[in-house]
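A structural walkthrough
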Amino acid sequence: MTQAAINRREAQPLGSLGGMDGWESLEAMFAPQPARPVHGQPGDEMSLFLARMAREARGRELVEWLMDITFRQPFRATGRTFEETALLAATRQGIEGVGEVILSALAHGESLLQQREQEQAR
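Not measured: the values here are computed from a predicted model.

Broken down by element type, the protein chain carries six helices and zero strands. Secondary structure elements of the protein chain, listed N to C terminal, follow the sequence α-α-α-α-α-α. Looking at the protein chain as a whole, 18% of its 122 residues qualify as buried. Contacts spanning at least 24 positions in sequence make up 60% of the contacts within the protein chain whose residues lie at least 6 apart. Of the accessible surface of the protein chain, which amounts to about 9,900 Å², a share of 58% is contributed by carbon and sulfur atoms.

Structure follows, in structure tokens:
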């Protein structure tokens with residue numbers, strides 16, 4: 001089995017997660033913040049690229065495949081124990097989070113494209 005060049009523990013030091021402000025800073029990162037945009041939202045240029053790509057046949061096929069492996073796969077969250085079921089459900093939530101971020105970026109890029117098209121039509 002091959003190994004990554006940087007293992008998971010070395011990828012991000014714990015001190016970098018909370019800005020070196022201690023436990024309170026780390027807890028604040030995970031506090032609910034409904035007004036905050038979706039985590040992982042790319043910049044405008046990346047969203048525009050994604051939207052342009054999705055307008056093409058192969059790009060649309062790629063987005064459809066990503067939705068197949070995130071949202072459209074069967075929901076199998078019945079474990080032998082309550083804890084196993086909770087872990088399976090949390091895993092699925094993480095997988096679907098990837099799809100949510102992709103769709104959010106795609107929608108943002110599409111709105112930017114439409115806005116630019118309207119400005120050019122004037």
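From this point, the narrative continues.
Let us look at the environment of R55. Inspection of the secondary structure puts R55 in the loop between α4 (44-54) and α5 (57-70). Look at R55 and you get partly exposed, because its relative accessible area is 41%. A C-alpha to C-alpha distance of 9.3 Å links R55 and E110, two positions 55 residues apart in sequence. Those residues in contact with R55 that sit more than four places away from it in its chain are E110, L113, Q114 and E117. Reaching out from R55, the side chain makes a polar contact with the side chain of E110 at a distance of 2.5 Å.

The rules behind these values
- Residues numbered from 1 in each chain as written.
- Predicted model: local features only at pLDDT ≥ 70, side-chain atom pairs only at ≥ 80, totals over all residues.
- Heavy atoms only, no water.
- Helix = DSSP H or I, 4+ residues; strand = E, 2+ residues; numbered from the N terminus.
- Buried < 20%, exposed > 50% of the residue type's maximum accessible area, 1.4 Å probe, protein only.
- Contact = heavy atoms within 4.5 Å.
- Areas by Shrake-Rupley, 256 points an atom, 1.4 Å probe, with all protein chains shown as cover.
- Polar contact = N/O pair within 3.5 Å; in protein donor to acceptor, adjacent residues only side chain to side chain.

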